[in-house]
Structures are given as structure tokens and as C-alpha cells.
Amino acid sequence: MATTKRTRKKNSYYAGLDIGGTTIKAMLVDSAGQQVGKIVEVRSLAGEGHRKTFGQLKKALKALCKNAKILEADVAAIGMDVPAPCSNGVIWDKANMAADWLGVNVRDTFAKVINKPVYMTNDCNAAAYGEYLLRPGTTSGLLYAAPGTGLGGGLVLAGGTVFEGANGLAMELGDITIPFRESGKLPVDASGREGALEAWVSLVALRRQLALQLKKKKYAKHPLNDSKTPIEERAFKVRNYAEDGDALALEIFGIQARALGYALGDAASLFDPGLIVIGGGMAETKPHFRDWYIEAIRSGFRERAEKCYQFSPLDPDKATTTIEWAIGGDAAAAYGAAMKGRELV
């Protein structure tokens, strides 16, 4: 997805710009792919339009160069990622971004503004690639799942190719359908789709599940059972309660983890990735809760996945699919984007 191609120089640098709904995270790598300086964070103005966001991207790039004591001219290429489906520089669905992101080749427009070649992909593809590169020697593929406000996904094939699909729209894990019911009905996600995984694993799902749990007699005196506070506000507190071992919160996250693991069992049948990495905000929780949550995902996976995607027929003690936490933290996408930018020259 390059706009131009140049010869890579030993003293060249490459910037990764991870555009989020509220924050832009930026990273600089050198010609060897090693991080240079610290991560830079600036406010994202994605909700106010791509032109205003370009100004923030330039601000982040300037800060990166200042920290590394290099000139902006030393940055040979840029990789950036956006929180929306995109293909060949064009965003297909604005998600939480302003409407003017649609119908514009954002990649090529920014390349002209910055006068550098630019690579663009979605945030989960970038994070998946970053996680893959952080595991040198990996011989399998890597399937990335990021539960959060929604549920994003990315896939790196064995050998290191990012799988984006024909139109750059692949790996929308939240669209997978699972047969779980709630009060005898298939719940719907934010788009109104019955039985979609995002109807179980998302902020919208958490709000609905919290409201249902609070109706139970055993939670009548729970601190979150405060009708004066909107459910949206109370839902943001559930993760903190879960980290502290609260029974109601753990019940909700147990439901979500089982659903995610179950769906990943089906994903394993399609892609046979060998390695599944769980990222997003859940990867940043307290260690004891992280351990509990990922084991609940693994349990859901074991419930659904065919045995061959769990253990080798030649060695029953050898797992054929491993599920583990992301190791790149919230910098994985910026790193992956930077390394994709590096591939342009």
C-alpha cells in the first residue's frame, strides 16, 4: 500500500502512528526495526475530522523526532492505523470517527501533506503484526482478538503476512454468530444482529448483562444497584470490581470470556493459527484477574474447538493451539504500523 518506493538507508527512521478514538500513540523505529526513544501520545481528534487529525499526527511526529534528536527529514516512511475497516487507503466504515473520513483516500492525502510514503491498515491488523514481530522465531500464524468497546481481530499468517482479505475487511471477529441465548432469545449487538459475538463481548453487552444481573435477588444490595446512576456509568466500574474479586462482576466477565473462547474455537477451524493472542484493555488488568479471565477463555475454547485444534494426535501432551496474552501492551499497534512503514522502502 505504498504511495512511493525508496531505497532503505541505514540511518533512516520509520514512524508508527496509532490513531485511536481519544489518543494517538506514536513510535519511532530505526532501520534495524528497533524502537528509538519513548512512545509519544497526543490527543486524537478523529471525531472532528481527518484534517484536524492530520494536524495531531504531525504534532506526534514532531515530538518523536525531537525526543530522538533527529530531523523530520530522517523519517523515511510512516505506517498508520485507524480504528475502522479500510482498504487501499480508503475507510469503509467510520466507526467512531467523523463522517469526512469516508469517501477519501486518507493514506494518499496524508502522504501528500507529510511528503512521505505512508502505509495504512486498521488498528487490529497493526496490533496483530506488532505482536507477531515481538515473538521472533514464531513458526505458526497469529490470531489476535481485542475485546473492548467492541471486538476487533487481526490475523498474521505463518511467515508474517498480514491477512486483510480482498477488500481489507477481514477478521471482524465480532460478526461471528454463536448459539448462546439469554432469557430464551438471541441477544443483538449494536448493529442489531442477532447472536453476533459482539452481542456477548462488548461494552453494549456488558451494560445489558449488568442490568440483568442486578435484577437477581442475590445482588439486590450490590453497590452497583443504584438506580440513580445511569447503567452506562455503572458499566465502566464493572472491570474494577472484577479485579477486586467481586462475584457479580466475575459472573459477567465469565459469561463474556466463555463466549469469546467458544467463538475462537470456530475461528481455529477456519484459520488453524496455532497461536491466539488476547489484547485490548483486558490485557492491562491486574495479574490475578488476567489469569482467571484467560483461563475462562481457554475453557470456552475447549468446549467448542475440535480436538485436533487442541492437541496433536501424535503427542496428546502437545497443544496445537495456544492462547496467551498480548505482550506489546498498548504500543503493539504503533510498533506494527511502524514496521509496516519500514517495509515501504
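In case you missed it, the structure is sitting above this.
As a convention, each chain's residues are numbered from 1 in the sequence order in which they are written. Given that the model is predicted, a residue must reach a pLDDT of at least 70 before its local features are reported, and side-chain atom pairs must reach 80 or more before they are shown or counted; all residues, however, enter totals for whole chains, interfaces and linings. Only heavy atoms go into the side-chain values, all of them from the structure, while hydrogens and water stay out.

Some words on the pairing of strand β9 (residues 151-156)
Each residue is assigned to one of three classes by its accessible area relative to the maximum for its type, calculated with a 1.4 Å probe on protein chains only: buried under 20%, partly exposed between the two thresholds, exposed over 50%. Numbering of helices and strands runs from the N terminus, with a helix taken as a DSSP run of H or I at least four residues long and a strand as a DSSP run of E at least two residues long. A large share of β9 lies buried, amounting to six of its six residues. What you see with β9 is no split at all: Leu151, Gly153 and Leu155 on one side and Gly152, Gly154 and Val156 on the other are buried throughout. A pair of strands is considered paired only if DSSP assigns at least 2 bridges between the two. Inspection of the sheet shows strand β8 (residues 142-147) paired to β9 by six bridges, in the antiparallel sense. Among the inter-strand pairings, Leu142 is bridged to a residue of β9, identified as Val156. Between the antiparallel neighbours β8 and β9 lie three residues.

Considering the environment of Gln256
By the secondary structure assignment, Gln256 is in helix α7 (residues 247-271). Residue classification places Gln256 among the buried residues on the basis of a relative accessible area of 4%. Two residues form a contact once any of their heavy atoms are found within 4.5 Å. When sequence neighbours within four positions are dropped, the list of residues in contact with Gln256 reads Trp200, Val201, Ser202, Ala205, Leu206 and Gln209. Within the structure, Gln256 has its side chain in polar contact with the side chain of Gln209 (distance 3.1 Å). The definition of a polar contact used here is a pair of N or O atoms within 3.5 Å, where within protein one atom must be able to donate a hydrogen and the other to accept one, and adjacent residues in sequence count solely through side-chain atom pairs.

Things to note about a nonpolar patch on the surface
A cluster of nonpolar side chains, namely Leu157, Phe163, Leu270 and Phe271, defines an oily patch on the protein surface of about 360 Å² accessible area. Take Leu270: it is sitting in helix α7. Note on Leu270: relative accessible area 66%, which makes it exposed. Any residue with relative accessible area above 30% and no salt bridge may belong to a patch, with like charges joined within 9 Å and the nonpolar Val, Leu, Ile, Met, Phe, Trp and Tyr side chains within 5 Å. Accessible areas in this description were obtained via Shrake-Rupley with a 1.4 Å probe; residue shielding takes into account the shown protein chains only. Between Lys or Arg on one side and Asp or Glu on the other, a salt bridge is scored when a side-chain nitrogen of the former is within 4 Å of a carboxyl oxygen of the latter.

So, helix α9 (residues 332-342)
In terms of burial, α9 is largely enclosed, as eleven of its eleven residues are buried. Among the residues of α9, Ala332, Ala333, Ala334, Tyr335, Gly336, Ala337, Ala338, Met339, Lys340, Gly341 and Arg342 are the ones counted as buried. Packing partners of the buried residues in α9 comprise β1 (13-19), β2 (23-30), β4 (75-82), β7 (118-122) and α3 (123-133).

Observations concerning the pattern of salt bridges
Taken as a whole and judged by the stated rule, the model has 16 salt bridges. For Lys218, the salt bridge goes to Glu251, with nearest N and O atoms at 3.5 Å. Linking Lys218 in the loop between α4 (203-214) and α5 (231-235) with Glu251 in helix α7, this pair joins segments that are 33 residues apart in sequence. For Lys218, a relative accessible area of 59% puts it in the exposed group. We note a salt bridge from Lys340 to Glu343, for which the minimum N-O separation is 3.3 Å. Judged by relative accessible area, which is 13%, Lys340 ranks as buried. A residue is classified by how much of its surface remains accessible, and Glu343, at 37% relative accessible area, is partly exposed. The network of salt bridges with common partners includes Arg43, Glu48 and Lys52.

A few points about the sheet that holds β7
The pairing of strands in a sheet happens through backbone hydrogen bonds and is either parallel or antiparallel. In spatial order, the strands read β3-β2-β1-β4-β7; together these five strands make up an open sheet with mixed pairing. Of all the strands in the sheet, just β3 (35-43) and β7 have a single pairing partner and so form its edges. Pairwise comparison of adjacent strand axes, ignoring direction, gives a mean angle of 15° for this sheet. Strand direction decides the pairing type here: β4 and β7, joined by five bridges, are parallel. Within the sheet, the bridge partner assigned to Val82 lies in β7 and is Asn122. Fitting a line to C-alpha atoms yields each axis, with helices limited to the stretch in contact; the angle taken between N-to-C directions then spans 0 to 180 degrees. Strands in contact with helix α2 (residues 106-114) are β1, β4 and β7; relative to β7, the strand with the most contacts, it is inclined by about 145°.

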